[in-house]
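The chain contents come next:
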Amino acid sequence: MKDENRIGTQNLGSLYTDGRVRSRREWRGVVDTAYDFSRWLHNWITMFRVVLVKPRNIKAMFRYRWMASYLAVPMMIDRHTQGLRNEHLRICHEEQDLIVEDVAKLLDKLFRGDRRIGNDKEFSSKVVLVDENEMQSIMMGFPTVVPLSREIASTYIPVLLNQRAALHYIDVAQEYGLAGDVCPMPEAEAGVSIDDDAPVLGCCAVQCNTTCDGSLMGNSVISKRLELEDGIPVFQLATPLRHREDDVQEYAAQEIRNAIAFIEEKTGEKWDWTHYFECAKRVNYATECRLNWLEMNRTDYPQVFGSNLALYTETNYMAISGRLKVFEDADRKISALAEKAFKKKRMAANEYRHRAIIWGVQSHYYMDFLVWLLNCWGIVPLTDMLSMVNTRMIADTDTPENREQAIYDIAWLTENMIMRNRTHGGYKVLLDELWEFVEEFNADMVILWEHMSCKALDGMHGMFEEKAREKGIHLVWVSHDLFDPRVISRQGVRDQINSYMRTVMNEEPVDPSLEILNDAESW
Amino acid sequence: MKDLKYLTWFEDLLQEANNELVVRAREEGKRCVSYICENSPEPLLNLDGCFSVRLRAPRTGSMEMATYYMTSFLCEYSRALLERAIEGGYNFSDCLIAPDGCSMINRCAENMELLHTMDKGKEHFFYEHMEIPMKADDNGLNLYVLQCKNHILTPLKENFGIDVSDAAIRKAVTEHNRVCELIRAIGEFRKGEKPVITGYEYSVITMATYAAPKAMLIDRLEETLEELRKREPDVKSPFRVRVALVGSEIDDPEFIKLVEETGAFVCVDRYCYGSFPGRDPITLTDDEDALTQICRQYMYRAQCPRYMNTAKLLERRSYVDRLAREYGADGILYEQVKFCDPWAYDRMLGSHIMRNEYGYPVLSIDRPYTVSGVGQLRTRIQAFIESVEIKKLHGGS
């Protein structure tokens, strides 16, 4: 399928330079270029308004090494909007700009309570620290408690902004004696803790055994710092691994009850059922919207897909969990834009050649790879593993029965956290369900991220290959090391696709200017 | 010292997963319950009519097939087991019990299942994957008990007609305890200034109790204990320092031999397949069912790094300290099998804490599953021993 009516740049590779930034902004026609520029300006204003106008936050810029990466926020959004026009451009901005505002507020709150910076003790006494990869559904009944993740601010977001942001912390952890083969995400988080480079605040922390053994064990380094040195009590929320089994659900629910009791005790706040069910309604609305978008992606005209879907789902599903109305508003706007584009049969790139399911754990330092995949080779990333999360509606009206059910719903959501719902739970959720999605989405290709340190994914390598051969699906492995571009560079990631498309598929790129890019120095 | 009478016999048992006692037990009509992780309560796998074998892959060579299925990034233990399973090395098994102890062991067991490595032509064969607690508390205990019922006892009863009553479990605990008491008593001989058993010999004997039907070992364990009571130590000890060996899975006594060849006596064994805490007897009372008591003791005594609560984290260090003091260790050797995530973190933290907070000399190493050709490892251990020895000579710690 081709879109002959698209306006603006055709050779997107010409935007790249050998340095950190692009040569110029993309030309998208008068209306879209003006719109895109207004959003670029809007994001700068947001960052100034929320973060940079406050002297304490400027102090934080100099205290925390990872803060410098936030200067690259506008460029990150430019990477994700590459090639987009019309409704697709607006959908992307609805998603990304809201995430920017949410992260800006996170930074501001972290520094407000930080003992080293703002030291607002009253505020800090209502802060509960949570893991980077933790479902915040546990906070849906605490309207006055502030859940904050130091790891999102110090490692998760900076690597999205700047591919080299975590290298220092990875090196710190390895110099301390950590083996170099563990997943670099918890490794970097441990490095931040060893380096004592995270804000210190909060009345308590709730850790969770999230995605993998590395993530679970990285928590031990962080809790040692928090509990034994900073005096911040930590609750470890142990969520079952075999989350599809009936005989673990009671255990999961009891862990949630215990976690709520811990938060109540440490914050002095009480669980608020009215607020919980308000949030539950928003969770259901977000689920409904996501399911509608995925339904569109099963057709020839997908509208909400690729890295934008993944990033937005991660934020909305996991970190927001219905707690903020502004995300419900965004869901509504995105749905309206998607419907409009669908009716007009809009395409997000010049040409669609292949329909792909993106599986595995994405390269964090190259999150916009899916944009490249679409623009360079016409491979449409219909959906990805991170977006294939909970599809169940949870109880959202306040009745005595639903109050009991709600605990199981929170447990279920926590068990089905992004990534975790596939890396844990047995081969059925990782292996078997992939092929079901391939069929449902009428895909002819699977792009399988092989995050080399992800043992849960690596452990099914051979089975993925055998099943793909059996089903006659093109399976393209894309190796990377999640947070560490020194191991496999962005071009190294691209080359794996380039080789497959040229040698196996015998195809030429849609946009040859994107095939080889010197972005090793780029943010 | 004079050779132990049955050492070669015990060593032979470790040469093959399907050793002579496994063969004999199966000939007697007993069902072989293979298992992988130390978090599987052993007495439940040794009820009347069945016996347990903890899977190992002795004399592992190439792991090419397993590496294809699981890549080279998974720990060699999990790959060696899968390779052996694909080769048909565990065909003696009648079922596999696999707790989700870690992702790698989970994937190893799942590949075994998907590839039908052990079940071909066996009508009642079953693979069971178990959830096990990650925290030691009442909620964890409830989960543990339920999982053992659903994934061990019920399948054993339904598939093989095994008696899983409380009385049957208590009987299995009695047998289990007899083996544990003998292993503990034999291990006591490591405490003396002139020990009459080496760490290598002890590891061979201990390992056999995981790899062979326990009841068939009791006579020879008793004889060995008697023999040790009379055994004369060497006039001049070949060992210069005493070390506690702490860390992940070791199922090859050759590694302990390698350490001891460099002049360090392995006086205490705190690793998976070691005797601490794996050979702690289980105490049962009459006021509660045996299953709950077994699970509680397994959960609270466990030293596996997958236990994530802070109390357990701290206890893992104090436990090592207690053992090191009790057995007179001069230093601690923290080890992990390469690519093991849980122990990568616990080794890092443990080695710093034991050095900085407890004051022990610590050597921290990662090692391959197979011990052959590890000259660098030998050199590192030698250097560590020399440094501990020098400290001892100078009267420091």
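In what follows, the structure referred to is the one given above.
The structure displayed is predicted, hence computed values, not measured ones. (Residues numbered from 1 in each chain as written. Chains lettered and ligands numbered in written order. Predicted model: local features only at pLDDT ≥ 70, side-chain atom pairs only at ≥ 80, totals over all residues.)

Visitor: Could you give an account of the environment of B:Y210, with specific residues and numbers?
Guide: Residue and element names in this part refer to chain B. Assignment of secondary structure puts Y210 in helix α9 (residues 199-211). The exposure class of Y210 is buried, given the 23 C-beta atoms found within 10 Å. Setting aside anything within four residues of it in sequence, one finds Y210 in contact with R54 and Y273. (Helix = DSSP H or I, 4+ residues; strand = E, 2+ residues; numbered from the N terminus. Buried ≥ 20, exposed ≤ 12 C-beta atoms within 10 Å, placed from the backbone. Contact = placed C-beta atoms within 7 Å.)

Visitor: I'd like to hear about helix α19 (residues 461-471) of chain A, residue by residue, with values.
Guide: Residues of α19(A) that are buried: A:H461, A:G462, A:M463 and A:F464. On the buried face of α19(A), the contacting elements are α17 (427-440), β7 (445-451), α18 (455-458) and β8 (474-480) of chain A together with α4 (64-70) and α6 (103-114) of chain B. After α19(A) finishes, the residue A:G472 shows a positive phi value of roughly 70°.

Visitor: Tell me about the environment of A:V159, and name the residues and values.
Guide: Residues and elements named next belong to chain A. Structurally, V159 can be placed in helix α6 (residues 150-161). Judged by local crowding, V159 falls into the buried class, with 26 C-beta atoms found within 10 Å. The sequence separation of V159 and H42 amounts to 117 residues, and the corresponding C-alpha distance is 22 Å. Excluding residues within four positions of it along the chain, V159 makes contact with A165, A166, H364, Y365 and F483.

Visitor: Summarise the interface of chain A and chain B; cite the residues concerned and give the values.
Guide: The interface of chain A with chain B comprises 44 residues on the first partner and 42 residues on the second. Those elements that provide at least two residues to the side of chain A that touches chain B are α9 (213-229), β4 (234-237), α10 (249-267), α18 and α19 of chain A. The element contributing the most residues to the side of chain A that touches chain B is α9(A), with 11 residues. Looking at the side of chain A that touches chain B residue by residue, the classes come out as 19 nonpolar, 15 polar and 10 charged. (Nonpolar A, V, L, I, M, F, W, Y, C, P; charged D, E, K, R; others polar.)

Visitor: Before we move on, can you summarise the sheet that holds strand β7 (residues 331-337) of chain B with the specific residues and values?
Guide: Residues and elements named next belong to chain B. Taking strand neighbours across the sheet as the criterion, the 4 strands line up as β6-β5-β7-β8 in an open arrangement whose pairing is parallel. Looking along the sheet, the strands with just one partner apiece sit at the ends: β6 (264-271) and β8 (362-367). Averaged over all pairs of adjacent strands, the angle between strand axes in this sheet comes to 25°, irrespective of strand direction. Alignment of strand β5 (residues 241-247) against β7, held across 5 bridges, turns out to be parallel. Following the sheet pairing, A244 is matched in β7 by I332. (Pairing = 2+ DSSP bridges. Axes fitted to C-alpha atoms, helices over the stretch in contact; angles between N-to-C directions.)

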